[in-house]
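Secondary and tertiary structure notes
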Amino acid sequence: MRRAELGDLTAHVVAFGRALRAQGVLCGPGEVADALRALERVDVLDPEQFRLALRTTLVHSHHDLRIFDALYPLYWSPSPPVESLPENGEERGALEEPGREQGQLSMERWAEAGEETEGEQEVPGYSALEVLSRKDFSNFTDRELEEIGKLVVAIARRIATRMSRRMQRARHSHRLDLRRTMRLHLRWGGELPELAFKRPRIRKTRLVLLCDVSGSMDIYSRLLIQFVYALQEAVGNVESFVFSTSLTRVTPALRSRTLREALDRLSRTVPNWSGGTRIGASLMQFLEGWRHLLDPHTVVVILSDGWDTGDVEVLHRAMREIRARSGRVIWLNPLLGSPGYQPLTRGMQTALPFVDVFAAAHNLDSLRALERTLVARRRRIARRE
Amino acid sequence: MRPTLGNIEQILQALEQEGYIADREIATAIYLSIELHKPLLVEGAAGVGKTEIAKVMSQALGTDLIRLQCYEGLDVSTALYEWNYPKQMLRIRLEEGSERTVEEKEQTIFSEAFLLRRPLLQAITHHRAPVLLVDEIDRADVEFESFLLEVLSDWQVTIPEIGTIRAKHIPYVVLTSNRTRELSDALRRRCLYLWIDYPSFEKELRIVLRKVPGISQRLAEQIAAFMHLVRRLDLQKVPGVAETLDWSLALLRLHRDHLDRESVEETMGCLFKHHEDQRLVRGPWLDAALAAIHEAQRDGEGLARALSRIERTLKA
């Protein structure tokens, strides 16, 4: 079919591409152009060919395929209700999570909290244990916040460097760099004046951050998000997620230039902010969509107080698999800083056997201690239980 | 003009002729990749036939397959070109007494005669458009990925000593990834995307019948049904089609004509590479699954239709 015959179809494909983009799919004019070129080469009257042509060209990852598959029938069948679809990318389609509005509201409130005076945050109603440790991160001076920023970068670097098999120049090593030796050799007219060496280059680990933003974590969430933001900025190879009753990937949102901007974008992407917690289900969701992020070079950091209102069985299975697939699992728990705190909650009890490092994250000292712990390798780490 | 494989229907046939059982989704992706001159990025679990796509494409197109196997630490000199050092060294030695200047000598030993072409350079200088398979791109470092992206965009490479080499023919490119690492958006956007799932019962049955000559319809059905069910278990490592074929061959070699507990236990190593997985399958699940498969087959119910019912029974 030639382009002229596609006629109105072009507008519909453009609109569909926009709808995909509104759902966070990486789909720009390039993709739409490819889709139109593809449609010229298949039989557009064959529904299967039509669908597959769009699917192959508009989407580039397995995760996005699911969004495509969910959106496609709404858009193209049985008779394409194009007029009723959102006209601009701001509106969201039918993939909306129920209760999202609520989540967005509280998220926005949370994002604005930085401009309010301190101590105005709501007190989460969980336990006496929590009240004990509230003094820490919840009230900081600017100077201290700045220091946290520096510390976070230092920690990030610690976590992020390891050896790799990629080579770089070195003055002394046991590996000869033949390529450079030959060059030197030539420069000196065929004699071998010196040998060039290479050594393994530092390799960056991948970090996966899973941050609890449920109600019981309210006090800490703000700082933890800052921690996550700084880490992502320092390391580069970081994937970040937040969860409460469900999981949201926030890597793109946090890639903003300023923390402020990042918070704004977060408020637009995260449903269920400050809701209840279902850690197990959220981690499962992570494994379903993002399992491929885990390998022996991955460090998984879970930031949560371990208050789980969900199924412990599920949490157990999720933790087992995360542990089996990744290089190291670190659990940061703000409550751990409280004197006399025992990780007795069912959730925490279930997760602990699969955690390599269980550390506090409630004040500066705890972050400093964490930096030291991270230097150790998996086998040598003593678990605090 | 690059050769093509015709329309989607013809591609399906061509693949089938080469022994690759494809569905429309795969054929469409290959077709569009050829027609739109875009690399095809193929993702999916291990053992579903990602690499095979490049192989059968090259066979069906009647062109050569050039393969670049990626791994951690893969660098430009291994992927693109390398100088032949021993040959260079020898030439320097031979010319020791000559009057030529260092510059002249340098020009000689850094010429094409001393160049070792690695897969990427081979692919763009090939006498006809080859199929370039970049296998397991997710294993290469991010730096290599960006370099590859450059080559895939410009179809030319620059070798400082020689100059820029432009592609004579743009290769057909297939990239595969096991998703051990998230690929960059930039690379994804250069490519058409194909996700290959584990095959359906019918597809797997066709694959077994096609690839394991001499197997009976009955056993092939049992194998395909068993695979369908076992992939629903919570396994550490889900067996792929490659494992199915290994297993079928093993059963055939042991002269088994049907599945029972004994034959499964004997040949379990073909399918499950983790101790925990073996233990899980060996449990009561195995008897229930086998009984259900046999029953459905005996009643002539048709396994394809019975499968979801069996699945539900096993869950309960």
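Residues numbered from 1 in each chain as written. Chains lettered and ligands numbered in written order. Predicted model: local features only at pLDDT ≥ 70, side-chain atom pairs only at ≥ 80, totals over all residues. Heavy atoms only, no water.

What follows deals with the overall build of chain A. Looking only at helices and strands, chain A features 17 helices and 9 strands. Counting only residues that meet the buried cut, chain A has 52% of its 385 residues in that class. Taking the contacts inside chain A whose residues are at least 6 apart along the sequence as the reference set, 76% of them involve residues at least 24 apart. For chain A, the computed accessible surface area is about 18,400 Å², with 50% contributed by carbon and sulfur atoms. (Helix = DSSP H or I, 4+ residues; strand = E, 2+ residues; numbered from the N terminus. Buried < 20%, exposed > 50% of the residue type's maximum accessible area, 1.4 Å probe, protein only. Contact = heavy atoms within 4.5 Å. Areas by Shrake-Rupley, 256 points an atom, 1.4 Å probe, with all protein chains shown as cover.)

What follows concerns the environment of Glu311 of chain B. All names here are of chain B. With respect to the element layout, Glu311 can be found in helix α16 (residues 303–315). Using a relative accessible area of 21% as the deciding quantity, one classes Glu311 as partly exposed. Separated by 22 residues in the primary sequence, Glu311 and Ala289 place their C-alpha atoms 8.5 Å from one another. Aside from chain neighbours lying at most four places away, what touches Glu311 is His228, Leu229 and Arg232.

Under the definition given, this model contains 15 aromatic pairs over all chains. Here the aromatic rings of Phe226 of chain B and Trp247 of chain B are separated by 5.1 Å at their centres, their planes lie at 40°, and the arrangement is tilted. Of this pair, Phe226 of chain B sits in helix α11 (residues 217–230) while Trp247 of chain B sits in helix α12 (residues 241–253), and the two are 21 residues apart along the sequence. Trp247 of chain B sits in the buried class, given a relative accessible area of 0%. Three or more aromatic residues joined by ring pairs form one cluster here, namely Phe16, Phe50, Phe68, Tyr72, Tyr75 and Trp76 of chain A. (Phe/Tyr/Trp six-rings, centres within 6.5 Å; stacked < 30°, edge-to-face > 60°.)

Here we come to the sheet that holds strand β7 (residues 298–303) of chain A. All names here are of chain A. The sheet built from 6 strands is open, its strands ordered β6-β5-β4-β7-β8-β9 with mixed pairing. The strands lining the two open edges of the sheet, one partner per strand, are β6 (247–249) and β9 (357–360). The sheet shows a mean angle of 20° between the axes of neighbouring strands, direction not considered. Here strand β8 (residues 328–333) runs beside β9; their pairing, made up of 4 bridges, is parallel. Residue pairing in the sheet places Ile330 in a bridge with Val357 of β9. Sheet strands touched by helix α15 (residues 312–325): β7 and β8. Its angle to β8, the strand with the most contacts, is close to 130°. (Pairing = 2+ DSSP bridges. Axes fitted to C-alpha atoms, helices over the stretch in contact; angles between N-to-C directions.)

Residues and elements named next belong to chain B. Applying the stated criterion across every chain, the model contains 33 salt bridges over all chains. For Lys203, the salt bridge goes to Asp23, with nearest N and O atoms at 3.2 Å. Within this pair, whereas Lys203 is found in helix α10 (residues 201–211), its partner Asp23 is found in the loop between α1 (8–17) and α2 (24–35), the two being separated by 180 residues in sequence. Here Lys273 ties to Glu243 by a salt bridge, and the two come within 3.8 Å at their closest N and O atoms. Of the two residues, Lys273 is situated in the loop between α13 (261–267) and α14 (275–282) and Glu243 in helix α12; the sequence distance between them amounts to 30 residues. Classification of Lys273 by relative accessible area gives partly exposed; the value is 48%. Look at Glu243 and you get buried, because its relative accessible area is 13%. Put simply, Arg261, Glu265, Arg282 and Asp287 are held in one network by salt bridges that share partners. (Salt bridge = Lys/Arg side-chain N within 4 Å of Asp/Glu carboxyl O.)

Residues and elements named next belong to chain B. If you walk across this open sheet you meet the 5 strands as β2-β5-β8-β1-β9, and the pairing is parallel. With partners counted over all chains shown, the strands left at the sheet margins are β2 (65–69) and β9 (192–196), one partner each. The average undirected angle you get between the axes of adjacent strands in this sheet is 20°. Taken together, the 4 bridges between strand β5 (residues 131–135) and strand β8 (residues 172–177) define a ladder with parallel strand orientation. From the neighbouring strand, Val131 faces β8, where its bridge partner is Tyr172.

Before going further, it helps to examine the interface of chain A and chain B. On the chain B side, the residues contacting the 44 residues of chain A number 45 residues. Note on chain A versus chain B: buried area summed over both sides is about 4,200 Å², and carbon and sulfur give 53% of it. Along the contact surface separating chain A from chain B lie 6 salt bridges. Among the ionic pairs, Glu25 of chain B bridges to Arg55 of chain A, the shortest N-O distance being 2.2 Å. (Buried area = accessible area lost by both parts, 1.4 Å probe.)

Residues and elements named next belong to chain B. Among all positions of helix α6 (residues 102–109), only Lys105, Thr108 and Ile109 are buried. Considered in projection along α6, the buried side chains sweep an arc of 85° and stay on one side of the axis. Exposed residues on α6 whose side chains face more than 90 degrees from its buried face are Glu103 and Gln107. (Arc of directions from axis to C-beta.)

Right, let's talk about α15 of chain A for a bit. All names here are of chain A. In a regular helix each residue adds 1.5 Å, so 14 residues correspond to 20 Å; α15 covers 20 Å between its end C-alpha atoms and thus fits that length. Among all positions of α15, only Val312, Leu315, Ala318, Met319, Glu321 and Ile322 are buried. One side-chain oxygen at the N-terminal end of α15 lies 3.0 Å from the backbone nitrogen of Glu313; it belongs to Asp311. (Expected span 1.5 Å × (residues − 1). Polar contact = N/O pair within 3.5 Å; in protein donor to acceptor, adjacent residues only side chain to side chain.)

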